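Next come the chains, spelled out residue by residue.
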Amino acid sequence: MRLAIFDDWRLGLVGAGGDTIRDVTAAVPERRDADPHGAGWWLRLCRDLPALRPALDEAARQAPARPLSEVRLRAPVLNPGKIIACASNYAAHVAEMRDVVLPRHASAPPSWLLDFDVFLKAPSSVSGPADPIVLPALAAGREIHHESELTVVIGRGGKNIGEDAALSHVLGYLIGLDITERGDGDRSRRKSHDTFTPLGPWLTTADEVGDPQALDIELRVGDAVRQKVSARDMVTPVARIVSHASAIMTLDPGDVIMTGAPPGVGPIVAGDLISVSISRLGHMTVPVRGAGSPT
């Protein structure tokens with residue numbers, strides 16, 4: 001099942017070919033009767049999808065298929081309580097940060113470079129696959145880098161989740177970009193500017209994805225391939241990430257986990273077009289604009 005949020009924050013199911021959508025908003029009463037921007041209906045969907053699935057399937061059977069090109073896709077999450085991001089999760093990325101990137105931007109390698117760890121990004125940094133990345137005026141003179149990441153959405157929350165049960169707490173997966181202002185200073189701040197967490201194009205449920213380590217990630221800037229990797233290259237696999245994060249903080253339905261940047265990070269500038277794809281999850285193309293550029 002491919003869950004999309006579109007237009008006026010309506011809920012849709014994307015067809016198997018990835019080119020049509022069916023409006024199933026009526027199957028979620030909380031969405032029909034409340035503020036569509038409120039997170040309540042989405043969080044209930046994340047938590048209770050198995051119980052709601054028959055109603056969603058029936059609504060999809062009754063709804064006409066619309067071309068996906070006719071709607072505006074929003075980020076396929078809504079007001080997540082937390083965005084948890086992973087550092088040092090691909091050995092080749094650790095090496096490039098240590099040897100190439102950080103010497104240009106920081107006075108000394110930070111401690112997080114040495115070991116796998118997690119940190120938080122602001123939920124307000126989320127944007128959708130139809131939205132541009134806007135380079136902030138506050139970061140003028142600093143390089144802004146792209147980082148393509150397999151991204152997890154939590155369905156059933158919990159604390160101290162065992163690694164063997166961790167994937168059963170995952171609602172699904174989507175494509176994420178962890179946009180980063182390079183330089184000294186707090187990492188969470190440098191990654192939390194508005195539009196610095198593009199997510200999309202839709203959420204593919206865990207049962208359809210299967211093994212998340214079998215997914216392939218590719219990012220291009222224009223025609224140039226910058227990142228190309230298998231999720232099997234992760235130092236810490238998805239199940240262990242979920243378990244580790246839950247040992248630090250309680251995971252709630254709708255929380256987002258970004259699983260770490262592959263090697264090949266690099267600068268982006270206004271006018272660039274970033275295209276990122278993950279096998280079985282789709283693809284999205286996001287423009288980069290300068291502060292004050294027309295939308």
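Below is a summary of the structure that appears in this document. The model shown is predicted, which means the values in this text are computed figures rather than measured ones. (Residues numbered from 1 in each chain as written. Predicted model: local features only at pLDDT ≥ 70, side-chain atom pairs only at ≥ 80, totals over all residues. Heavy atoms only, no water.)

### Some remarks on helix α6 (residues 238-248)
Now for step 1: For α6, the complete set of buried residues consists of Val-238, Ala-239, Ile-241, Val-242, Ser-243, Ala-245 and Ser-246.
Now for step 2: On its buried side, α6 packs onto β5 (83-87), β10 (148-154), β11 (170-177) and β16 (256-258). (Buried < 20%, exposed > 50% of the residue type's maximum accessible area, 1.4 Å probe, protein only. Helix = DSSP H or I, 4+ residues; strand = E, 2+ residues; numbered from the N terminus. Contact = heavy atoms within 4.5 Å.)

### Some points on the pattern of salt bridges
Now for step 1: Considering all chains together, one arrives at 20 salt bridges under this definition.
Now for step 2: One salt bridge in this structure joins Arg-142 and Glu-181, with 2.9 Å as the shortest N-O distance. Of this pair, Arg-142 sits in the loop between β8 (133-135) and β9 (144-146) while Glu-181 sits in strand β12 (residues 180-181), and the two are 39 residues apart along the sequence.
Now for step 3: Each of the salt bridges in this network shares a partner with another, and the network as a whole consists of Lys-121, Glu-147, Asp-178, Arg-182 and Lys-191. (Salt bridge = Lys/Arg side-chain N within 4 Å of Asp/Glu carboxyl O.)

### Description of the packing of aromatic side chains
Now for step 1: On inspection of all chains with the given rule, the structure shows 1 aromatic pair.
Now for step 2: A centroid spacing of 6.1 Å and a plane angle of 80° characterise the contact between Trp-41 and Trp-42, whose relative ring orientation is edge-to-face. For the pair Trp-41 and Trp-42, one class covers both residues: buried.
Now for step 3: The side chain of Arg-74 reaches across the aromatic face of Trp-9, ending 3.9 Å from its centre. (Phe/Tyr/Trp six-rings, centres within 6.5 Å; stacked < 30°, edge-to-face > 60°. Lys NZ or Arg CZ within 6 Å of the ring centre and 35° of its normal.)

### So, unusual backbone geometry
Now for step 1: Of note, the amide linkage connecting Gly-200 to Pro-201 takes the cis form, showing an omega dihedral of -15°.
Now for step 2: Located in the positive-phi region is Trp-9, a residue other than glycine, with phi close to 55°.
Now for step 3: Considering the arrangement of structural elements, one finds Trp-9 in the loop between β1 (2-6) and β2 (10-14).
Now for step 4: Even without a glycine there, the phi angle at Arg-280 is positive, about 70°.
Now for step 5: Among the secondary structure elements, Arg-280 is positioned in the loop between β18 (273-278) and β19 (282-290).
Now for step 6: Among the residues examined, Arg-280 registers a relative accessible area of 41% and is labelled partly exposed.

### A look at the sheet that holds strand β14 (residues 216-221)
Now for step 1: Sheet architecture is open: 5 strands sit in the order β8-β19-β18-β14-β15, paired in mixed fashion. Where the open sheet ends on each side, the last strands, each with one partner, are β8 and β15 (224-230). For this sheet, the mean angle separating the axes of adjacent strands, direction not counted, is 15°.
Now for step 2: Examined bridge by bridge, β8 and β19 share 3 bridges and lie parallel to one another. Bridging from a neighbouring strand, Val-134 pairs with Arg-289 of β19. (Pairing = 2+ DSSP bridges. Axes fitted to C-alpha atoms, helices over the stretch in contact; angles between N-to-C directions.)

### Some details on the pairing of strand β3 (residues 20-23)
Now for step 1: Pairing analysis gives 3 bridges linking β2 to β3, with the strands arranged antiparallel. When the bridges of β3 are listed, Leu-13 appears paired with Arg-22.
Now for step 2: As paired elements, β3 and strand β4 (residues 66-67) share 2 bridges and run antiparallel to each other. Bridging from a neighbouring strand, Thr-20 pairs with Pro-67 of β4.

### Description of the side chain of Glu-149
Now for step 1: Along the chain, Glu-149 turns up in strand β10.
Now for step 2: Buried and unpaired, Glu-149 has Lys-191 as its nearest opposite-charge partner, separated by 5.4 Å.
Now for step 3: When neighbours within four sequence positions are excluded, Glu-149 is seen to be in contact with Leu-174, Ile-175, Gly-176, Asp-178, Met-258, Thr-259, Gly-260, Ala-261 and Ile-278. (Lys, Arg positive; Asp, Glu negative; His and termini not counted.)

### What about the environment of Thr-180?
Now for step 1: For Thr-180, the position within the fold is in strand β12.
Now for step 2: What makes Thr-180 buried here is its relative accessible area of 0%.
Now for step 3: Remark: the alpha-carbon pair of Thr-180 and Glu-147, spanning 33 residues in sequence, is separated by 7.6 Å.
Now for step 4: Look past the residues within four positions of Thr-180 in its chain and what remains in contact with it is Glu-143, Ile-144, His-145, Glu-147, Arg-190, Lys-191 and Phe-196.
Now for step 5: Within polar-contact distance, the side chain of Thr-180 engages the backbone oxygen of Asp-178 at 3.3 Å. (Polar contact = N/O pair within 3.5 Å; in protein donor to acceptor, adjacent residues only side chain to side chain.)

### A look at the nonpolar core
As a rule of thumb, soluble globular proteins bury nonpolar side chains together.
Now for step 1: Counting residues in each nonpolar core, the largest one holds 44 residues, and the members touching the most others are Ile-133, Leu-150, Tyr-173, Leu-177, Ile-257 and Ile-268.
Now for step 2: Looking at this core element by element, the count peaks at 5 residues for α6.
Now for step 3: Among all residues touching Ile-257, those that are not within four sequence positions of it are Ile-84, Cys-86, Leu-150, Thr-151, Val-152, Ile-154, Ile-241, Val-242 and Leu-251.
Now for step 4: If you look at the next biggest cluster of nonpolar residues, it comprises 31 residues, including Val-28, Leu-49, Ala-59 and Ala-85. (Core = buried A, V, L, I, M, F, W, Y, C linked by side-chain atoms within 4.5 Å.)

### Some words on the sheet that holds β12
Each strand in a sheet pairs with another by means of backbone hydrogen bonds, the pair being arranged parallel or else antiparallel.
Now for step 1: The strand order across the open sheet formed by 3 strands is β12-β9-β17, and the pairing between neighbours is antiparallel. Each edge of the open sheet carries a strand with a single partner, namely β12 and β17 (266-268).
Now for step 2: Of the strand pairs in this sheet, β9 and β17 are connected by 3 bridges, and their pairing is antiparallel. Bridge pairing links Ile-144 to Ile-268 in β17.

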